[in-house]
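Residues per chain, in single letters:
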Amino acid sequence: MPESEGIAVEQLRGLAERAGLMMKHDEVVALKPMFDHYAKQIKLLFEIDLDAEDMAVVYSPNWDPQA
Amino acid sequence: MTQTQTELCYLTIREAGRLLQSRKLSPVELTRAFLQRIEQLDGTLQSYITVLGERALSEARHAEAEILRGDYRGPLHGVPIALKDLYDTQGIRTTASSRVMANRVPAEDATTTARLAAAGSILLGKLAMHEFALGGPDPTCGFPLARNPWNLGHIPGGSSSGSGAAVAAGLCMGSLGSCTGGSIRGPASYCSIVGLKPTYGRVSRYGVVPLSWTLDHCGPMTWTVEDTAIMLQAIAGYDPKDPTSSRAPVPDYAASLIEDVHGLTVGVPRHFFFADDPNISPETLAVVETALKKLQDLGAQVVEVKIPSLRYAGAAQPVIMLSEAFTYHARNLRSKPEEFGDMVRARFRTGALFSSAEYVQAQRVRNVIKREFANVLQRVDLIASPTMSNPPPEFKHVDVMTTARVPSFTGPYNLTGMPAISVPCGFTAKGLPIGLQLAGKPFDEPTVLRAAYTFQQHVRLFEKRPPV
């Protein structure tokens, strides 16, 4: 993805600051390709219609494939 | 290096165990051979962070005395092993290969560390790994980077890099790795050894530096499937200290090592693992196709299956992993970011930038993936694929984006929690290892082990050691 595409560097800096990360300008610039890569992937996650699918953050080890 | 020393260090756990039990081999002699080999080879391989020379010999003398007086504990008694350096070891520095934990000395053993000690194994030392079990071979992390014994210019995989290299090179008889997206099976594939990620909840994670609580697994890495079964037997089982630990009974894994796959159905989701994708190595696919044919020739029924939601696994897994990883490391990332290596710092920081809605959505998609696998597992016993989409790359071709770019064939099973093993299945034309991945039903490690054992006994790649 070209530099001009994806998230703007200033916007990325804003996200980082909100998370409490104080980053130098060159660190934010270096992080942009990775953020853009994942952002593209995350779009996929919202393509799927999950309706009222529940969320299980704590994953139970005891699941039964026959159930 | 003497021939005797090499012969001792290339014994399997099962072979050594028999000699130790019958008192034809002394644990002290065996441990000394490994310590000498580490001294001679590990300057190049860099698989160890800490070598416990005197302590290991003291444990070996203790084991010898026990065996001589008839107090034999089982197939790991007197067997020299090593642990990835994120397993807590009481009184022994445990660094997770990070300057953040460079001087950390745990006051208590991890449950798995304690169980291996109770089984009588000898701890040779703590093994190199990718910093905090993520990132890659990062020269800025401040710790040694393990090299692949099959070709020193190539990575041994990660994050259990030292475990893969040390087992393959005969610098320990077995190891424990940890796995959040493929960190046991990946190095096993890259180093031509066996690595098992057991079912989520099967092996305690207590006392293991976490990366991502809902994805982390602990499991054995060994030269043979039989040795993996032996190590799994020692570490599996309920642990009240791990809230995700299962109370499911632990079967006799050695009993599952039947050299027969007749009656087993193996599903292959070709649409995902064998896709026409330029990021997947055709050479890897060709070798694994041959392996599938072998399984069929041995009596298994190989059928094609479809798991459409697999296409979302590569998006869901990193969102969950990095969000949870950031949560664990947030305080240090904010207060002393300079202590993290460049690769892991960048990836952990990315975890801070996902929204809560993205994390929740990833968990919901995970449920869908889990359900689709459960449906398929009503028709098949195992699901097969290449372990890795490509052979091990050269160090010079690895950067912070490398793992993000190539499809992960291991990550889906961290999402579902299913047991999955990597067993060596061949080599590239350049002599780089390729692994076959077999995944099974939850808590059905016996079937996974049985199929991998049968395959290994017939292909016999364990007869070929790396040129170190």
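Residues numbered from 1 in each chain as written. Chains lettered and ligands numbered in written order. Predicted model: local features only at pLDDT ≥ 70, side-chain atom pairs only at ≥ 80, totals over all residues. Heavy atoms only, no water.

1. Comments concerning the overall build of chain B
For chain B, the helix and strand inventory stands at 16 helices and eleven strands. A globule of 468 residues ought to have a C-alpha radius of gyration of about 23 Å, and chain B, at 20 Å, matches this closely. For chain B, the spread of C-alpha atoms along the three principal axes comes to 60 × 60 × 45 Å. Buried residues in chain B amount to 68% of all 468 residues. Contacts in chain B between residues at least 24 apart in sequence constitute 80% of all its contacts with a sequence separation of at least 6. In the structure as shown, chain B presents an accessible area of about 15400 Å², 50% of it carried by carbon and sulfur atoms. The positive charge centre, built from 47 side chains, and the negative charge centre, built from 42, are 3 Å apart in chain B. (Helix = DSSP H or I, 4+ residues; strand = E, 2+ residues; numbered from the N terminus. Rg over C-alpha atoms; globule rule 2.2 N^0.38 Å. Buried < 20%, exposed > 50% of the residue type's maximum accessible area, 1.4 Å probe, protein only. Contact = heavy atoms within 4.5 Å. Areas by Shrake-Rupley, 256 points an atom, 1.4 Å probe, with all protein chains shown as cover. Lys, Arg positive; Asp, Glu negative; His and termini not counted. Charge placed at Lys NZ, Arg CZ, Asp CG, Glu CD.)

2. Things to note about the interface of chain B and chain A
The interface is formed by 52 residues belonging to chain B together with 36 residues belonging to chain A. Summed over both partners, the interface of chain B with chain A buries about 4000 Å², with 68% contributed by carbon and sulfur atoms. For chain B, the biggest contributors to the area lost against chain A are Arg349, Leu353 and Arg364 of chain B; these three give 18% of the whole. Taken together, the links from chain B to chain A amount to one salt bridge. Here Glu27 of chain A makes a salt bridge to Arg349 of chain B, at a shortest N to O gap of 3.3 Å. Seen at the junction of chain B and chain A, the total is five residue pairs in polar contact (both at pLDDT 80 or more). Elements that contribute at least two residues to the side of chain B that touches chain A include exactly α11 (310-335), α12 (342-351), α13 (356-376), α14 (402-405) and α15 (411-416) of chain B. Counting residues per element, the side of chain B that touches chain A draws most heavily on α13 of chain B, at 15 residues. A class-by-class count of the residues in the side of chain B that touches chain A yields 28 nonpolar, twelve polar and twelve charged. (Buried area = accessible area lost by both parts, 1.4 Å probe. Salt bridge = Lys/Arg side-chain N within 4 Å of Asp/Glu carboxyl O. Polar contact = N/O pair within 3.5 Å; in protein donor to acceptor, adjacent residues only side chain to side chain. Nonpolar A, V, L, I, M, F, W, Y, C, P; charged D, E, K, R; others polar.)

3. Looking at the environment of Tyr72 of chain B
One can find Tyr72 of chain B in the loop between α4 (53-68) and β2 (80-84). Here Gly74 of chain B takes part through its backbone oxygen, which lies 2.8 Å from a polar atom of the side chain of Tyr72 of chain B.

4. A short note on the side chain of Lys197 of chain B
Residues and elements named next belong to chain B. With respect to the helices and strands, the residue Lys197 is situated in strand β5 (residues 194-197). Among buried Asp, Glu, Lys and Arg side chains, Lys197 stands out as unpaired, with Glu445 the closest opposite charge at 7.2 Å. Of note is the side chain of Lys197, whose polar atom sits 3.0 Å from the side chain of His217. For Lys197, the contacting residues outside a window of four places in its chain are Cys179, Ile184, Arg185, His217, Tyr413, Asn414, Gly417, Met418, Pro419 and Ala420.

5. Some points on the sheet that holds strand β3 (residues 122-127) of chain B
All names here are of chain B. Spatial ordering of the open sheet is given by β1-β3-β2-β4-β6-β5-β10-β11-β9-β7-β8, a layout of eleven strands whose pairing is mixed. With partners counted over all chains shown, the strands left at the sheet margins are β1 (48-51) and β8 (301-304), one partner each. Neighbour to neighbour, the strand axes of the sheet diverge by 30° on average, direction disregarded. Inspection of the sheet shows strand β7 (residues 265-268) paired to β8 by four bridges, in the parallel sense. (Pairing = 2+ DSSP bridges. Axes fitted to C-alpha atoms, helices over the stretch in contact; angles between N-to-C directions.)

6. Comments concerning the pattern of salt bridges
All names here are of chain B. Scanning the model with the defined rule gives 21 salt bridges over all chains in all. Between Arg69 and Asp71 there is a salt bridge; the shortest N-O distance is 2.7 Å. A salt bridge links Lys441 to Asp381, with the shortest nitrogen-to-oxygen separation between them at 4.0 Å. Taken together, the residues span a long stretch of sequence, with Lys441 in the loop between β11 (433-440) and α16 (445-459) and Asp381 in the loop between α13 and β9 (382-386) at a distance of 60 residues. Taken individually, Lys441 and Asp381 each receive the classification buried, so the pair is uniform in this respect. What you see here is one network of salt bridges that share partners, running through Arg270, Glu289 and Glu304.

7. Observations concerning the environment of Cys172 of chain B
Residues and elements named next belong to chain B. In this fold, Cys172 is placed in the loop between α6 (161-168) and β4 (174-179). Judged by its relative accessible area of 3%, Cys172 falls in the buried class. A C-alpha to C-alpha distance of 9.9 Å links Cys172 and Ile122, two positions 50 residues apart in sequence. Not counting residues within four places of it along the chain, the set of residues in contact with Cys172 comprises Phe34, Tyr48, Pro80, Ile81, Ala82, Leu124, Ala166 and Val167.

8. Some points on the confidence of the model for chain B
Low pLDDT marks stretches whose predicted atomic positions should not be read closely. The predicted model of chain B has a mean per-residue pLDDT of 96, with 99% of residues at 70 or higher. Here the predicted complex carries an ipTM of 0.88, next to a pTM of 0.96. (pLDDT = per-residue confidence, 0-100.)

9. Details of the packing of helix α2 (residues 25-45) of chain A against α12 of chain B
Contact geometry of α2 of chain A with α12 of chain B gives a least axis separation of 10 Å together with a crossing angle of 60°. Between α2 of chain A and α12 of chain B, the angle falls in the class oblique. Crossing hand, α2 of chain A versus α12 of chain B: right-handed. Across from Glu27, Leu31, Met34 and Tyr38 of chain A in α2 of chain A, the residues of α12 of chain B making contact are Arg345, Ala346, Arg347, Arg349 and Thr350 of chain B. Here the contact of α2 of chain A with α12 of chain B is composed, by residue class, of four nonpolar, one polar and four charged. (Parallel < 35°, antiparallel > 145°, perpendicular 65-115°, else oblique. Left-handed = near helix turned anticlockwise from the far one by under 90°.)

10. Observations concerning the packing of aromatic side chains
All names here are of chain B. One pass over the structure, following the stated rule, counts ten aromatic pairs over all chains. Between Phe132 and Phe340 the ring centres are 5.8 Å apart and the planes differ by 45°, which places this aromatic pair in the tilted class. In this pair, Phe132 sits in the loop between β3 and α6 while Phe340 sits in the loop between α11 and α12, placing the two residues 208 residues apart along the sequence. Both residues of the pair, Phe132 and Phe340, count as buried. Look at Trp150 and Phe427: their rings are 5.0 Å apart centre to centre, the planes differ by 55°, and that puts the pair in the tilted class. Residue Trp150 is found in the loop between β3 and α6, and its partner Phe427 is found in strand β10 (residues 420-427); the two are separated by 277 residues along the sequence. Take Trp150 and Phe427: they sit in the same class, and that class is buried. Grouping aromatic residues by their ring pairs yields a cluster made of Phe132, Phe340 and Phe348. (Phe/Tyr/Trp six-rings, centres within 6.5 Å; stacked < 30°, edge-to-face > 60°.)

11. A look at the pairing of β7 of chain B
Residues and elements named next belong to chain B. On β7, burial covers both faces: Thr265 and Gly267 on one face and Val266 and Val268 on the other are all buried. One ladder, built from two bridges, connects β7 with β9; its direction is parallel. Note on β9: the bridge partner recorded for Gly267 is Ile383.

12. Considerations on α13 of chain B
With 21 residues, α13 of chain B should cover 30 Å at 1.5 Å per step; its first-to-last C-alpha distance of 31 Å lies within 8% of that length. Burial within α13 of chain B is extensive, with 15 of its 21 residues counted as buried. (Expected span 1.5 Å × (residues − 1).)

13. So, the packing of helix α1 (residues 9-18) of chain A against α2 of chain A
Residues and elements named next belong to chain A. The contact between α1 and α2 brings their axes to 9 Å, and the two run at 100°. Considering the angle they form, α1 stands roughly perpendicular to α2. Note on element contacts: α2 touches α1 through His25, Val28, Val29, Leu31, Lys32 and Phe35, opposite Val9, Leu12, Arg13 and Leu15.

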